[in-house]
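Single-letter residue listing:
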Amino acid sequence: MATADLRSTGRTMAGLMRFLQFIERAGNRLPHPFWLFILMGALVVVLSAVLDALGVGAVSPADGERIAVESLLSSEGVQVIFGDAVDNFAAFPPMALIVVVMLGVAVAERAGMLNAALRGSVTRVPDKLLTFALSAVGVSASVASDAAYVVLVPLGAMIFKAAGRSPVLGLVVAFGSISAGYNASVALTPGDALFAGLTTGAAQIIDPEYVVTPVANYFFTAVSAVLLALIITAVAEFVLAPATARMQVDGEDADAELGEMRLTADERRGLRNAGLVFAGAAALIAAVLIPSGSPFRGEDGGVLGSPLITGIAFIMGLLFLVMGAVFGRTTGSMPRARDIPEAMATGVRDLAPVLVLFFAASQFLAYFTWTGLGEVLAVRGAELLDAAGVPTPVMLVGMVLVCTVMNIMITSGSAQWALVAPVFVPMFMLLSIPPETTQAVFRVADSPTNVISPMSPYFAMALGFLQRYRRDAGIGTLLSMTLPISVAMLVGWTLILLAWWGLGLPLGPGAPVR
């Protein structure tokens, strides 16, 4: 029986490997996301001309007015393509948000604060809590972006080895939690600002005044981060631990490796001082918002309309900047005032690939909105789903499945959301599903398959770290351990989403319940 089970497992893995190899070959044939948006923009130009000539349109359910597709090959359309190209780019909703946030994050990263915070979070955890602690830190580590992979994946292996457990298990737990849980976090991240901007742009296809804030999904993502860490812990302890315990591992002395990753006295002081800055800022914000007549409240006297909430992207960037500067001054990594603008400039340079992508994405969104294609597609799609009587939970799960499949080949969350948000957000709005909910659905779909996608550069990075402990490890070795995490995360997070929606819980401050 055991032999039959082994053969069955081997055939399953072989089939999965062939499927992923197909995905890799197909994905490699896809153009760079920049060119993908250029091609999509060209397609919109052609479609708009054809559909305009055919008189295609739809009737708005809001006011009963007819919405007609407008051709981009008209005199007005040519103005949109060429005359408004710069304005299209400048007005792209997420661009200013992500730049402002990253100016501050760059200071914190350059000072070494994010690196130290990741290391300090897991190097002094009791052995019994090690798996959960590593999972919890990994799920919320997206605030540190690429640094999370570079620091936490090898560190996970080291601390597990030092605790007398398999370093392979620690490595997989760290990689799985960072990658598969990338869109959940107990802290606000730059991704929150990015997604909010893209969702706002898509929502304004239907309602030009609609704004989605970076905190729109905060309640959902914060609670999800804890629950996902529990899911990863369960998979690691009950599924992966027995398999990795039998593995023969290579590598150097764990204590020697781990010693280099422990915090220095200066770093501990730096993190303490940065923490005091955070606590002081939180207390100050609370103090100025509590009085009913405070000028920091919104025009209606409410807290949610406060410029401190609507301008949360600036607050985030400023907080990262000050905390990073305090950490850098304490540790000596950033002793001079001139180091701060230099670090900010480095952050902008690092954003260059994103800005290039945003230029193409902004033109596509502008064309899609101006032609009316987005609104017509949303109305027709909503009518079709409504006529079919598709229940809302089924629609949400359907979107999860569509975006999950796309994510295996397009691993850039910002690129994928910029591509699908203009379709799903307005269509679901017409079905009384708020943009904030649609954004939360995308978060669920976008993360879990990152950990098994051969298109992800971090998969190759994790494999390189794994080969330090298993020199004969290949893609199949890593895949066999990350697949259970991926499946459990996808199923578990989808169920959390459905339960959240079913209970009518708010996704974040000011977000509609349903």
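The structure contained in this document is the topic of the report that follows.

What counts and how
Residues numbered from 1 in each chain as written. Predicted model: local features only at pLDDT ≥ 70, side-chain atom pairs only at ≥ 80, totals over all residues. Heavy atoms only, no water. Helix = DSSP H or I, 4+ residues; strand = E, 2+ residues; numbered from the N terminus. Buried < 20%, exposed > 50% of the residue type's maximum accessible area, 1.4 Å probe, protein only. Contact = heavy atoms within 4.5 Å. Areas by Shrake-Rupley, 256 points an atom, 1.4 Å probe, with all protein chains shown as cover. Lys, Arg positive; Asp, Glu negative; His and termini not counted. Charge placed at Lys NZ, Arg CZ, Asp CG, Glu CD. Salt bridge = Lys/Arg side-chain N within 4 Å of Asp/Glu carboxyl O. Core = buried A, V, L, I, M, F, W, Y, C linked by side-chain atoms within 4.5 Å. Polar contact = N/O pair within 3.5 Å; in protein donor to acceptor, adjacent residues only side chain to side chain. Axes fitted to C-alpha atoms, helices over the stretch in contact; angles between N-to-C directions. Parallel < 35°, antiparallel > 145°, perpendicular 65-115°, else oblique. Left-handed = near helix turned anticlockwise from the far one by under 90°. Nonpolar A, V, L, I, M, F, W, Y, C, P; charged D, E, K, R; others polar. Phe/Tyr/Trp six-rings, centres within 6.5 Å; stacked < 30°, edge-to-face > 60°.

Turning to the overall build of the protein, a few remarks are in order. Regarding its fold elements, the protein presents 23 helices and 2 strands. For the protein, the C-alpha atoms occupy an extent of roughly 70 × 65 × 45 Å along the three principal directions. Sorting the 514 residues of the protein into buried and exposed places 50% on the buried side. Contacts in the protein between residues far apart in sequence, at least 24 positions, make up 79% of those at least 6 positions apart. By element, 66% of the accessible surface of the protein is carried by carbon and sulfur atoms, the whole surface being about 22,400 Å². Counting 28 positive and 35 negative side-chain charges, the protein places the centres of these two groups 14 Å from one another.

Our focus in this paragraph is the pattern of salt bridges. A full pass over the atoms with the stated rule returns 6 salt bridges. The salt bridge partner of arginine 119 is glutamate 267, with a shortest N-O separation of 2.6 Å. Separated by 148 residues along the polypeptide, arginine 119 in helix α6 (residues 113-122) and glutamate 267 in helix α13 (residues 265-289) bring together distant segments of the chain. Residue arginine 119 is classed as buried on the basis of its relative accessible area of 8%. What makes glutamate 267 buried here is its relative accessible area of 16%. Between arginine 443 and aspartate 192 there is a salt bridge; the shortest N-O distance is 2.7 Å. In this pair, arginine 443 is assigned in helix α21 (residues 435-446) and aspartate 192 in helix α10 (residues 190-203), connecting sequence segments 251 residues apart.

Now for unusual backbone geometry. Of note, serine 432 is a non-glycine position whose phi angle comes to about 65 degrees, a positive value. Take serine 432: it is sitting in the loop between α20 (413-429) and α21.

Tracing the sequence through the fold places glycine 324 in helix α15 (residues 312-331). Accessibility expressed as a relative area gives 0% for glycine 324, which makes it buried. Along the sequence, glycine 324 and asparagine 273 sit 51 residues apart, while their C-alpha atoms lie 10.0 Å from each other. If we ignore the near neighbours within four places in the chain, the residues touching glycine 324 are Val107, Ala108, Ala111 and Met113.

Bringing the environment of glycine 191 into the picture now. Position of glycine 191 among the secondary structure elements: in helix α10. C-alpha of glycine 191 to C-alpha of alanine 460: the two residues are 269 residues apart in sequence and 23 Å apart in space.

The nonpolar side chains of a soluble globular protein tend to be buried, and buried together. Ranked by internal contacts, the top residues of the largest apolar core, which has 153 residues, are Phe37, Phe220, Trp417 and Phe428. Apart from residues no more than four positions distant in its own chain, tryptophan 417 is found in contact with Phe195, Leu198, Thr199, Met399, Pro422, Val425, Thr438, Gln439 and Phe442.

Let's shift gears to the side chain of asparagine 88. Turning to its location among the elements, asparagine 88 is positioned in helix α4 (residues 85-90). A distance of 3.2 Å separates the side chain of asparagine 88 from the backbone oxygen of valine 80, its partner in a polar contact.

To continue, consider the packing of helix α2 (residues 33-54) against helix α17 (residues 352-370). A pair of packed helices can be characterised by two numbers: the angle between their axes and the separation between those axes. Relative orientation of the contacting elements α2 and α17 amounts to 15 degrees, with a least axis distance of 8 Å. When the axis of α2 is compared with that of α17, the two are roughly parallel. Handedness of the α2/α17 crossing: left-handed. Across from Pro33, Phe34, Phe37, Ile38, Met40, Gly41, Val44 and Val45 in α2, the residues of α17 making contact are Val356, Leu357, Ala360, Ala361, Phe364, Tyr367 and Phe368. A breakdown of the residues in the contact of α2 with α17 according to their chemical character gives 14 nonpolar, 1 polar and no charged.

Our next topic: the packing of aromatic side chains. For the coordinates displayed, the defined rule picks out 14 aromatic pairs. Taken together, a centroid distance of 5.2 Å and an interplanar angle of 70 degrees make the contact between phenylalanine 92 and phenylalanine 358 edge-to-face. Taken together, the residues span a long stretch of sequence, with phenylalanine 92 in the loop between α4 and α5 (93-111) and phenylalanine 358 in helix α17 at a distance of 266 residues. Using a relative accessible area of 4% as the deciding quantity, one classes phenylalanine 92 as buried. Using a relative accessible area of 2% as the deciding quantity, one classes phenylalanine 358 as buried. Ring pairing ties together the aromatic residues Tyr149, Phe175, Tyr458 and Phe459, which thus form one cluster.

This brings us to the environment of valine 143. Here valine 143 lies in the loop between α7 (130-139) and α8 (146-162). Valine 143 gets classed as buried once you look at its relative accessible area, which sits at 15%. In this structure the C-alpha to C-alpha distance between valine 143 and aspartate 386, which are 243 residues apart in sequence, comes to 39 Å. Not counting residues up to four positions away in its chain, the partners in contact with valine 143 are Val105, Leu114, Leu188, Thr189, Pro190 and Phe320.

Once that is clear, we can look at the side chain of serine 306. Residue position: serine 306 is located in the loop between α13 and α14 (307-310). Among the polar contacts made by the side chain of serine 306, one reaches the main-chain amide nitrogen of leucine 308 at a distance of 3.0 Å. With sequence-adjacent residues up to four places away left out, serine 306 is seen in contact with Leu289, Phe296, Arg297 and Gly298.

Moving on, we get to the packing of α8 against helix α9 (residues 167-180). Where α8 contacts α9, the axes come no closer than 6 Å and their chain directions differ by 150 degrees. Taken together, the axes of α8 and α9 lie roughly antiparallel to each other. As α8 packs across α9, the resulting crossing turns out to be right-handed. Here α8 contributes Ala148, Tyr149, Leu152, Val153, Gly156, Ala157, Phe160 and Lys161 to the contact with α9, which in turn contributes Pro167, Leu169, Gly170, Leu171, Ala174, Phe175, Ile178 and Ser179. Tallied by class, residues from the contact of α8 with α9 come to 12 nonpolar, 3 polar and 1 charged.

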